[in-house]
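# Descriptive analysis of the structure
Single-letter residue listing:
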Amino acid sequence: MLPLGTPMPPWQLPRVEDGQVFSSSQLPPQPVLVMFLAVHCPFVKHVEPELARLDQDYRGRVSLVGIGSNSLQTHPEDGPQYMVTQKQRLGMELHYLHDADQAVAQAFHAACTPDFFLFDANHTLVYRGQLDGSRPSNGVSCDGADLRAALDAVLTGEPVAALQRPSVGCNIKWHPGAEPAWFG
């Protein structure tokens, strides 16, 4: 996992809706939530309503960035055109970006979808972990409790809880034969 206290890895990726390049250097000096997502993933589908609420509740105070890094060689249903549809369906205003060469997912040591990385206003990693304890079939309500607690702490200048549970979801679908050394 990317260690807490790590500066945000720099990136430049195309936005899914228009292909225009958006980079980490364009982010304002405010907290940033980077989310690795996938359109087809049942774990992402399960949390989509909460992702939309997060987008609405923290809009303007936190920069929300969604990144799709799954291999389109093996999962074309996670391509940019489907990411646009997902974003529109959820009414989200986040920056939704496509990581075709998977370099950004590798730089973040992203492991699954969804995977969440919260950076403070200085763009230093303060939280990397789960949205909440819900899973597609465990009967626990999806309320974003873990991530919301971290977001609220950052916004009020409080320390983020040291206990951080890793994200759970579908593995990032790496290009065949190009899995990172730390994966698996």
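In this report, the structure presented in the accompanying data block is examined. Please read these numbers as outputs of a predicted model, since none were measured by experiment. (Residues numbered from 1 in each chain as written. Predicted model: local features only at pLDDT ≥ 70, side-chain atom pairs only at ≥ 80, totals over all residues. Heavy atoms only, no water.)

## With respect to helix 2 (residues 80-90)
Formally: Burial classification: accessible surface area is computed with a 1.4 Å probe over protein chains only, and a residue below 20% of its type maximum counts as buried, one above 50% as exposed, and the rest as partly exposed. Numbering of helices and strands runs from the N terminus; a helix is a DSSP stretch of H or I covering at least four residues, while a strand is a stretch of E covering at least two. When we speak of the arc, we mean the arc of directions from the helix axis to the C-beta atoms. When checking whether two residues touch, look at their non-hydrogen atoms; a contact exists if any pair is within 4.5 Å.
Residues of helix 2 that are buried: Met-83, Val-84, Gln-86, Lys-87 and Leu-90. Taken around the axis of helix 2, the buried residues stretch over an arc of 165 degrees, which confines them to a single face. Within helix 2, the exposed residues directed more than 90 degrees away from the buried face are Gln-88 and Arg-89. As for helix 2, its buried residues are in contact with helix 1 (42-58), strand 4 (63-68) and strand 5 (95-98). Immediately downstream of helix 2, the backbone of Gly-91 shows phi near 65 degrees, a positive value.

## Some thoughts on the side chain of His-75
The topology assignment puts His-75 in the loop between strand 4 and helix 2. Residues within four places of His-75 in sequence aside, it is in contact with His-40 and Lys-173.

## Notes on the sheet that holds strand 8 (residues 125-129)
Basically, it comes down to this: Two strands qualify as a pair provided DSSP detects at least 2 bridges between them. Each axis is a line fitted through C-alpha atoms, taken for helices only over the stretch in contact, and angles between the N-to-C directions span 0 to 180 degrees.
The strand order across the open sheet formed by 5 strands is 5-4-3-7-8, and the pairing between neighbours is mixed. The sheet terminates laterally at strand 5 and strand 8, the two strands that pair on one side only. Recorded for the sheet is a direction-independent mean angle of 20 degrees between the axes of neighbouring strands. Summarising the sheet, strand 3 (residues 32-37) and strand 7 (residues 115-119) pair through 5 bridges and their orientation is antiparallel. Opposite Leu-33, over in strand 7, you have Leu-118 as the bridge partner. Docked against the sheet, helix 2 engages strand 4 and strand 5, running at close to 165 degrees with respect to strand 5.

## Here we look at the packing of aromatic side chains
Rule in force here: Stacked, edge-to-face and tilted labels apply to pairs of Phe, Tyr and Trp rings (six-membered ring for Trp) whose centres lie within 6.5 Å, assigned for plane angles under 30 degrees, over 60, and everything in between, in that order.
What the rule picks out here adds up to 5 aromatic pairs. A centroid spacing of 5.4 Å and a plane angle of 65 degrees characterise the contact between Phe-36 and Phe-108, whose relative ring orientation is edge-to-face. Linking Phe-36 in strand 3 with Phe-108 in helix 3 (residues 103-108), this pair joins segments that are 72 residues apart in sequence. Residue Phe-36 is classed as buried on the basis of its relative accessible area, which comes to 0%.

## Regarding unusual backbone geometry
The phi torsion of most residues other than glycine is negative, and most of the peptide bonds are trans. Following Thr-113, the chain continues to Pro-114 via a peptide bond in cis, the omega torsion being -5 degrees. Phi is positive for His-109, which is not a glycine, with a value near 60 degrees. Residue placement: His-109 occurs in the loop between helix 3 and strand 6 (112-113). Positive phi, normally seen in glycine, also occurs at His-123, with a value near 65 degrees. Its location among the elements puts His-123 in the loop between strand 7 and strand 8.

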